[in-house]
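Next come the chains, spelled out residue by residue.
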Amino acid sequence: MSRTLAHGAALLALSLVAAHAQAADKAAGQAKHEAVCAACHGKDANTPIDPSYPKLAGQHRDFLERALADYKSGARKNAIMAGQAQPLSKAEIANLAAYYESLPGSLRAKR
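Once a new chain begins, its residue numbering starts again from 1 and follows that chain's sequence as written. Under the rules for a predicted model, residues below a pLDDT of 70 receive no local features and side-chain atom pairs below 80 are neither given nor counted, while totals for whole chains, interfaces and linings still include all residues. Side-chain numbers come from the whole structure's heavy atoms, not from hydrogens or water.

1. Topic: the overall build of the protein
Then, in step 1: Scanning the protein from N- to C-terminus turns up 5 helices and 0 strands.
Then, in step 2: Helix numbers and strand numbers start at the N terminus; a helix is a DSSP run of H or I with at least 4 residues, a strand a run of E with at least 2. Secondary structure elements in the protein, listed N-terminal to C-terminal, are α-α-α-α-α.
Then, in step 3: The rule is simple: take the accessible area with a 1.4 Å probe, protein chains only, and divide by the maximum for that residue type; under 20% is buried, over 50% is exposed, in between is partly exposed. Relative to its full complement of 111 residues, the protein shows a buried share of 31%.
Then, in step 4: Long-range contacts, defined here as pairs at least 24 residues apart, represent 61% of the contacts in the protein between residues at least 6 apart. The contact definition used throughout considers only heavy atoms, calling two residues in contact when any of these lie within 4.5 Å.

Set out below in structure tokens:
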């Protein structure tokens, strides 16, 4: 592959990622969190009501989007989360993931 073609492909990929990241609405994600998710995952998304429930604050957006999509499709099994994820639209999943990624969290792994 020529260098010019490789650079063009890289720029295209970065622009698609940037467009996806900008499309999410963190305020809408926060509103959905407060209305639904905070009951189990905690108001700050870092102090769940049960230690077996995950801390969501600071998790990577792509991980959260994939997890919610997998709960929704049934690829990932959890009776509670399947029921919670089922009615979520792709936009709501993106909004929640963007909101959680923006929060300070104690579990974030460095990439």
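Right, picking up where we left off after that structure.
2. Considering the layout of surface pockets
Then, in step 1: Here a cavity denotes a set of grid points, spaced 1 Å apart and computed over the protein atoms alone, in which a 1.4 Å probe fits but from which it cannot get out, and a pocket denotes an open set meeting protein on both sides within 12 Å along at least five of seven lines; residues with an atom within 4 Å of a point are reported as lining. Grid points are joined across faces, edges and corners, and a volume is the space filled by probe spheres set on the points. What the largest pocket holds in volume is close to 540 Å³.
Then, in step 2: Together, 27 residues line the largest pocket, and His41, Leu56, Leu68, Tyr71 and Met81 are the ones closest to its centre.
Then, in step 3: Of all the secondary-structure elements, those providing two or more residues to the lining of the largest pocket are α2 (26-41), α3 (61-73), α4 (79-85) and α5 (90-102).
Then, in step 4: If you tally residues by element for the lining of the largest pocket, the top one is α2, at 6 residues.
Then, in step 5: Amino acids outside the nonpolar list (Ala, Val, Leu, Ile, Met, Phe, Trp, Tyr, Cys, Pro) and the charged list (Asp, Glu, Lys, Arg) are all regarded as polar, and Gly is one of them. Taken together, the residues of the lining of the largest pocket sort by class into 19 nonpolar, 5 polar and 3 charged.

3. Thoughts on the packing of aromatic side chains
Then, in step 1: Working definition: rings of Phe, Tyr and Trp (its six-membered ring) pair if their centres are within 6.5 Å, and the pair is stacked with planes under 30 degrees apart, edge-to-face with planes over 60 apart, and tilted otherwise. Inspection of every chain in the model, using the stated rule, returns 1 aromatic pair.
Then, in step 2: For the pair tyrosine 99 and tyrosine 100, a centre-to-centre distance of 5.6 Å together with 50 degrees between the ring planes defines the contact as tilted. As far as the burial class goes, tyrosine 99 and tyrosine 100 line up, both buried.

4. Concerning the packing of α2 against α5
Then, in step 1: Two elements in contact, α2 and α5, have axes whose closest approach is 7 Å; the angle formed by their N-to-C orientations is 95 degrees. In terms of orientation, α2 lies roughly perpendicular with respect to α5. Taking contact as the criterion, the partners of Lys26, Ala28, Gly29, Gln30, Lys32, His33 and Cys37 in α2 are, on α5, Glu92, Asn95, Leu96, Ala98, Tyr99, Tyr100 and Ser102.
Then, in step 2: For the contact of α2 with α5, the residue count by class is 6 nonpolar, 5 polar and 3 charged. What counts as an axis is a line fitted to C-alpha atoms, over the stretch in contact for a helix, and the angles between N-to-C directions run from 0 to 180 degrees. Any angle that falls under 35 degrees is termed roughly parallel, while one over 145 is termed roughly antiparallel, one within 65 to 115 roughly perpendicular, and all others oblique.

5. Brief notes about α3
Then, in step 1: Taking 1.5 Å of rise per residue, the 13 residues of α3 would be expected to cover 18 Å, and the 18 Å separating its terminal C-alpha atoms lies within 8% of that figure.
Then, in step 2: When α3 is considered as a whole, its buried residues turn out to be Arg61, Leu64, Glu65, Ala67, Leu68, Asp70 and Tyr71.
Then, in step 3: Just beyond α3, the residue with positive phi is glycine 74, at close to 95 degrees. Given the number of residues in a helix, its expected span is that number minus one, multiplied by 1.5 Å.

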